Amino acid sequence: MTEARLFALQRLSAMVLAPLVLVHVVVIIYATRSGLSADALLERTTSSFLWPLFYGLFVVVAAIHAPIGLRNVLREWTPLPRRGVDGAVAVFALVLLALGLRAVWAVTGGGVP
Amino acid sequence: MTEIKPETDTLEVRIWRGRDDGRFETYEVPARENQTVLDVVSEVQRHHEPALAYRFSCRVGVCGSCAMTVNGRPRWTCRTHVQKVAREGALTIEPLRSMPRIKDLATDMSDFFDKWHRAGGRFEGTRTRHDPIQPVDPESRARKTANAGIECINCAVCYAACDVVAWDDDYVGPAALNRAWTLLNDEKHGDRRGTLDAATAAGGCGSCHTQGSCMKSCPVGISPTRSIAGIKRMSLLDFLNMRGQ
């Protein structure tokens, strides 16, 4: 993939992430302040298809955005070989994606009996 | 800034001598009412240190060869009045940073010019001398955008001012990207695709951190920061297949 593509993907994913992060933070603050129990939270997250959609998108976009940024930092600030960095951040992207999707699955119905 | 009394006062000038493992040497030169930093360097070379190496040509801000680091900042020495930059009657003059030193105040600018080409700065014409001249509308948006960056004379002041250039050898720097941006907006340029690809490759516009030192230090008031932002925008629109033109 060319640098220009990676640059575009990082900027575009940032544009998508910005509102998602805001909603995410507001929901966290609301949920922790309103005294909801874990069961009550899970009941809400499993009751609508919008939650898996919202957090599924969040995870995919974050898994694109974060590794590209990490790659830039590693390339600029460390003497690590470039191919090594590319390989490492590709693995990092897959780990982020897998862990994130697993978490979304767990709180939106998949992991709840 | 210090008030200097004409012809009665002296300036204390510290000048870098040698290459990387050199040292500062101090000279005393007469302070004059109208005196540029280049005048001071020439005075030192003529009356104190005949072997002093430095570079200049036009003396009027056209050729771009006399830039040096004056009291910590890169400047054209020919257009910098001593009165504006002297601190308590003292000047410290060093070679430009981020370029290999040759001797004293002269640096090797080869990388700087090579990077200019690496960023796609070579103009490709589309017509020959036998074709009619291609008209360009001076009022068009692209032409006005190109004009905003066209007065660059490659003095390397922005390159020396840029912190990213200082720590990232691979970065082509503000002057090269500003040049690429003027070509990307030049309808006579025959290889805008190639220029965009070169300017957005590794070490290109994506390496810029938008710190703005180039814009702040440019002696002709160009904003390479804006030009680089333009390339980034064009690159994004190109990715979305809408080319920004």
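Rules used throughout
Residues numbered from 1 in each chain as written. Chains lettered and ligands numbered in written order. Predicted model: local features only at pLDDT ≥ 70, side-chain atom pairs only at ≥ 80, totals over all residues. Heavy atoms only, no water. Helix = DSSP H or I, 4+ residues; strand = E, 2+ residues; numbered from the N terminus. Contact = heavy atoms within 4.5 Å. Pairing = 2+ DSSP bridges. Axes fitted to C-alpha atoms, helices over the stretch in contact; angles between N-to-C directions. Domains from an automatic or database assignment. Buried area = accessible area lost by both parts, 1.4 Å probe. Salt bridge = Lys/Arg side-chain N within 4 Å of Asp/Glu carboxyl O.

A look at the environment of B:V44
Residue and element names in this part refer to chain B.
Moving on, step 1. Along the polypeptide, V44 turns up in helix α1 (residues 37-47).
Moving on, step 2. Put simply, V44 and V172 are 128 residues apart on the chain and 34 Å apart in space, counted from C-alpha to C-alpha.
Moving on, step 3. When sequence neighbours within four positions are dropped, the list of residues in contact with V44 reads I15, Y27, V29, E49 and L52.

What to know about the sheet that holds strand β4 (residues 73-76) of chain B
Working definition: the strands of a sheet are paired by backbone hydrogen bonds and lie parallel or antiparallel to each other.
All names here are of chain B.
Moving on, step 1. What the five strands build is an open sheet, ordered β2-β1-β5-β3-β4; its pairing is mixed. With one partner strand each, in any of the chains shown, β2 (23-30) and β4 form the two edges of the open sheet. Taken pair by pair, the neighbouring strands of this sheet meet at an average axis angle of 35°, ignoring direction.
Moving on, step 2. As defined by bridge partners, strand β3 (residues 67-70) adjoins strand β5 (residues 90-94) across two bridges and the pair is classed as antiparallel. In the strand pairing of β5, V70 is matched with I93.

What about the pairing of β5(B)?
Moving on, step 1. The pairing of strand β1 (residues 10-17) of chain B with β5(B) spans four bridges and is parallel. Looking at the pairing, B:R14 lines up with B:T92 of β5(B).

Here we look at the domain arrangement of chain B
Residue and element names in this part refer to chain B.
Moving on, step 1. The domain architecture assigned to chain B consists of domain 1 (10-107) and domain 2 (110-242).
Moving on, step 2. Computed over C-alpha atoms, the centres of domain 1 and domain 2 are 29 Å apart.
Moving on, step 3. Contacts between the two partners involve 13 residues from domain 1 and, on the opposite side, 16 residues from domain 2.
Moving on, step 4. Interface of domain 1 and domain 2: buried area, both sides summed, is about 1,100 Å²; carbon and sulfur atoms make up 64% of it.
Moving on, step 5. Considering only the surface of domain 1 that becomes buried against domain 2, P74, W76 and R97 emerge as the three largest contributors, covering 49% of it.
Moving on, step 6. There are one salt bridge connecting domain 1 and domain 2.
Moving on, step 7. Residue R97 is joined to D163 by a salt bridge in which the shortest nitrogen-to-oxygen separation is 2.7 Å.

Focus on the side chain of B:T195
Moving on, step 1. Within the element layout of this structure, B:T195 appears in helix α8 (residues 192-199).
Moving on, step 2. Look past the residues within four positions of B:T195 in its chain and what remains in contact with it is B:A119, B:G120, B:A180, B:L183, B:L184 and B:H189.

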